[in-house]
Amino acid sequence: MKNISIDIRHALGRVTEADIKAMLPEADKCLDTVESGTGAGNDFLGWVKLPSETTDALVDDICATAQQLRSECEVVVAIGIGGSYLGAKAVIEALSDSFAAYRTDKGTQILFAGQNIGEDYLNELMNLLETKKFGIIVISKSGTTTEPAIAFRLLKEMLERKEGKEVAARRIVAITDEHRGALRKLATEEGYKTFVIADNVGGRFSVLTPVGLLPIAVAGYDIKALLEGAREMEAATRATEYAENPALLYAATRNALYRSGKKIEIMVNYNPKLHYFGEWWKQLYGESEGKDGKGIFPASVDNSTDLHSMGQWIQDGERTIFETVLSVETPVHTTVIPTDADNLDGLNYIAGKRVDQVNKMAELGTRIAHVDGGVPNMRISIPALTEQYLGQLIYFFEKACGISGYMLGVNPFNQPGVEDYKRNMFALLEKPGYEEATAAIRSRID
């Protein structure tokens, strides 16, 4: 069994191998801070040993619940925002048939709500669900987060109207706080099946908890293999030798680049199934590192698509960027380019080659061009898009994020800035208890 691997050779130039090695003692110290739980935010480190400490009984319970939902529902709507949906979405999209929605044998589908306040989105979702047997996975620690709370109120009312309260209660699963909060209270009163969001696991680190595992299992994927991959990477990222610990090497390299003036990291993939993995990564790093006036700005592109939109800026724009390329070694399917007798499109020179061979040369050619243009590159190789390798990849990025955040000198596990927009929104909506804030903010916009 191979592991994911990281290659930093093309990140060297503006920084040297000696620069990166010089940072490794600091990175080692930050790794120890994560492992020992002695740093800022240490009350949110439950994810560190989560893969190895997740019990078979919990996994079996999740799988049984998923099977019950699959047996009754054509569609299950996962309601959550931020880390409560992005991890599951990333894994499901990476493993799914790109055109599953158009197939008749697609099985139970996972759809998402509560990740926005789009009125048209919710209305169109409800129109679809009118003709479907559906269930709900609602994910919220408090039960009062605005976006998912609105979606749950709408869909709960709809499900109860269509099926009655007894059936609705059987098809609603709540993932919430163990003891307190509005959703916990409702779940207890209505008799919903529940799973717990642990107090010591923040939302953006929660994909390997029931928050991510249940929707992934309902979609039909092997969460035991996902956790096995994460366990493998949990063990690998304890090593203090950077040659054996990819998370240590990644964290040290990106911080060396940051200190040399590279302020933006672009996550690049050459497989469209990884689009939402980039979205998950952006939240993980943006919310963990962007504070106290510090932080590498996380962006993402889907190549070769974005080579025709963002490629010019990346090649010739301001030199404040570096790239991390996610490269899938082996695709699931084989598609060979045929010969054409007329050759009007001029493609006979690649006839007989697999489409993936062309894609790999686009990747390599682009990386060489960008390095020559002053854009350092790291490359993370994923042997294949399977549950096990995705589990490795998720845990790798989580561990590297903790190390990197401490290297930046911030608390990687809080998000104080996220509350600012909520406070203003509540004031503008005249939520009870926000009267003073309402008056203050109205005076600014009148």
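See above for the structure.
Definitions and limits used
- Residues numbered from 1 in each chain as written.
- Predicted model: local features only at pLDDT ≥ 70, side-chain atom pairs only at ≥ 80, totals over all residues.
- Heavy atoms only, no water.
- Helix = DSSP H or I, 4+ residues; strand = E, 2+ residues; numbered from the N terminus.
- Contact = heavy atoms within 4.5 Å.
- Areas by Shrake-Rupley, 256 points an atom, 1.4 Å probe, with all protein chains shown as cover.
- Lys, Arg positive; Asp, Glu negative; His and termini not counted.
- Charge placed at Lys NZ, Arg CZ, Asp CG, Glu CD.
- Pairing = 2+ DSSP bridges.
- Axes fitted to C-alpha atoms, helices over the stretch in contact; angles between N-to-C directions.
- Polar contact = N/O pair within 3.5 Å; in protein donor to acceptor, adjacent residues only side chain to side chain.
- Buried < 20%, exposed > 50% of the residue type's maximum accessible area, 1.4 Å probe, protein only.
- Salt bridge = Lys/Arg side-chain N within 4 Å of Asp/Glu carboxyl O.
- Phe/Tyr/Trp six-rings, centres within 6.5 Å; stacked < 30°, edge-to-face > 60°.
- Lys NZ or Arg CZ within 6 Å of the ring centre and 35° of its normal.
- Right-handed = clockwise from strand over helix to strand, strands pointing away.
- Patch = residues over 30% accessible without salt bridge, like charges linked within 9 Å, V, L, I, M, F, W, Y side chains within 5 Å.
- Core = buried A, V, L, I, M, F, W, Y, C linked by side-chain atoms within 4.5 Å.

Trainee: Now, about the overall build of the protein chain: what can you tell me, with residues and values included?
Mentor: For the protein chain, the count of helices and strands is 17 helices and 10 strands. Principal axes of the C-alpha set define a box for the protein chain whose edges measure 60 × 60 × 55 Å. Relative to all contacts within the protein chain whose residues are 6 or more apart in sequence, the contacts with residues 24 or more apart total 78%. Of the accessible surface of the protein chain, which amounts to about 20300 Å², a share of 52% is contributed by carbon and sulfur atoms. One finds the centroid of the 48 positive side-chain charges in the protein chain at a distance of 1 Å from the centroid of its 62 negative side-chain charges.

Trainee: Please give an account of the sheet that holds strand 7 (residues 264-269) that cites residues and values.
Mentor: The mixed open sheet is built from 5 strands, whose spatial order is 1-10-9-7-8. The two strands at the open ends of the sheet, each matched to only one other strand, are strand 1 (5-7) and strand 8 (297-302). On average, each strand axis in the sheet is inclined to that of its neighbour by 20°, with strand direction left out of account. Inspection of the sheet shows strand 7 paired to strand 9 (residues 321-328) by 6 bridges, in the parallel sense. Along strand 9, the bridge assignment pairs Asn269 with Leu326. On top of the sheet, helix 14 (residues 355-372) reaches strand 9 and strand 10 (377-382); it is set at about 165° to strand 9, its chief contact. In the packing of helix 15 (residues 387-408) onto the sheet, the strands contacted are strand 1, strand 7, strand 9 and strand 10, and the crossing angle to strand 10 comes to about 145°.

Trainee: Which residues make up the environment of Glu190, and what values go with them?
Mentor: The topology assignment puts Glu190 in helix 8 (residues 182-190). Leave out the neighbours within four places in its chain, and Glu190 touches Lys165 and Ala169. Reaching out from Glu190, the side chain makes a polar contact with the side chain of Lys165 at a distance of 3.4 Å.

Trainee: Got a sec to walk through the side chain of Arg367? Specific residues and values, please.
Mentor: Assignment of secondary structure puts Arg367 in helix 14. One buried charged residue, Arg367, remains without a salt bridge, the closest side chain of opposite sign being Glu363 at 4.4 Å. Setting aside anything within four residues of it in sequence, one finds Arg367 in contact with His10, Val325, Asn377 and Arg379.

Trainee: Which residues make up the environment of Leu226, and what are the values?
Mentor: Position of Leu226 among the secondary structure elements: in helix 10 (residues 223-236). For the pair Leu226 and Gly391, spaced 165 residues apart in sequence, the C-alpha separation works out to 4.5 Å. Excluding residues within four positions of it along the chain, Leu226 makes contact with Val91, Leu208, Leu213, Ile216, Glu387, Gln388, Leu390, Gly391 and Ile394.

Trainee: Provide a residue-level description of the packing of aromatic side chains, including the pertinent values.
Mentor: A full pass over the atoms with the stated rule returns 15 aromatic pairs. For the ring pair Trp47 and Phe205, a centre distance of 4.8 Å and an interplane angle of 20° mean the geometry is stacked. Residue Trp47 is found in the loop between helix 1 (17-36) and helix 2 (50-53), and its partner Phe205 is found in the loop between strand 6 (193-196) and helix 9 (210-218); the two are separated by 158 residues along the sequence. Every member of this aromatic cluster is reached through a ring pair, and the members are Tyr250, Phe277, Trp280, Trp281, Tyr285, Phe396 and Phe397. The aromatic ring of Tyr258 is capped on one face by Lys263, whose charged end is 4.2 Å from the ring centroid. The residue whose ring lies beneath Lys431 is Phe426, and the NZ or CZ to ring-centre distance is 4.1 Å.

Trainee: Requested: an account of the sheet that holds strand 3 (residues 109-113), with residues and values cited.
Mentor: Strand order in the open sheet formed by 5 strands is 3-2-4-5-6, and the pairing between neighbours is parallel. Bordering the open sheet on either side are strand 3 and strand 6, each of which pairs with just one other strand. This sheet shows a mean twist of 20° between the axes of neighbouring strands, independent of strand direction. Of the strand pairs in this sheet, strand 5 (residues 172-176) and strand 6 are connected by 4 bridges, and their pairing is parallel. The residue bridging Thr176 from the neighbouring strand is Val196, located in strand 6.

Trainee: So, the pairing of strand 9: which residues are in play, and what are the values?
Mentor: Of all 8 residues making up strand 9, 8 are buried, and the element is well covered by its neighbours. Going residue by residue along strand 9, you find Ile321, Glu323, Val325 and Ser327 tucked away on one face and Phe322, Thr324, Leu326 and Val328 tucked away on the opposite face as well. In terms of strand pairing, strand 9 meets strand 10 through 6 bridges, oriented parallel. Paired with Leu326 across the two strands is Ile380, which belongs to strand 10. In this fold, the crossover linking strand 9 to strand 10 by way of helix 14 has right-handed handedness.

Trainee: Please provide a residue-by-residue account of a nonpolar patch on the surface, values included.
Mentor: Together, Ile117, Ile150 and Leu154 give the surface a local cluster of nonpolar side chains, amounting to about 220 Å² of exposed area. Relative to the elements of secondary structure, Ile150 occurs in helix 6 (residues 146-163).

Trainee: Give me the nonpolar core: which residues, what numbers.
Mentor: Ranked by internal contacts, the top residues of the largest apolar core, which has 96 residues, are Tyr250, Phe277, Trp280, Phe396, Phe397 and Ile403. With 13 residues, the top contributor of residues to this core is helix 15. Within the second largest apolar cluster, 22 residues are counted, among which are Val75, Leu159, Ala174 and Ala187.

Trainee: Account for unusual backbone geometry, naming residues and giving values.
Mentor: The omega angle of the peptide bond from Asn303 to Ser304 is 10°, so this bond is cis rather than trans. Mapped onto the fold, Ser304 is located in the loop between strand 8 and helix 13 (311-316). Non-glycine residue Asp292 carries a positive phi angle of around 55°. Phi at Asn343 is positive, roughly 50°, even though this residue is not glycine. Summarising the element assignment, Asn343 is placed in the loop between strand 9 and helix 14. Residue class for Asn343 comes out partly exposed when judged on its relative accessible area of 27%.

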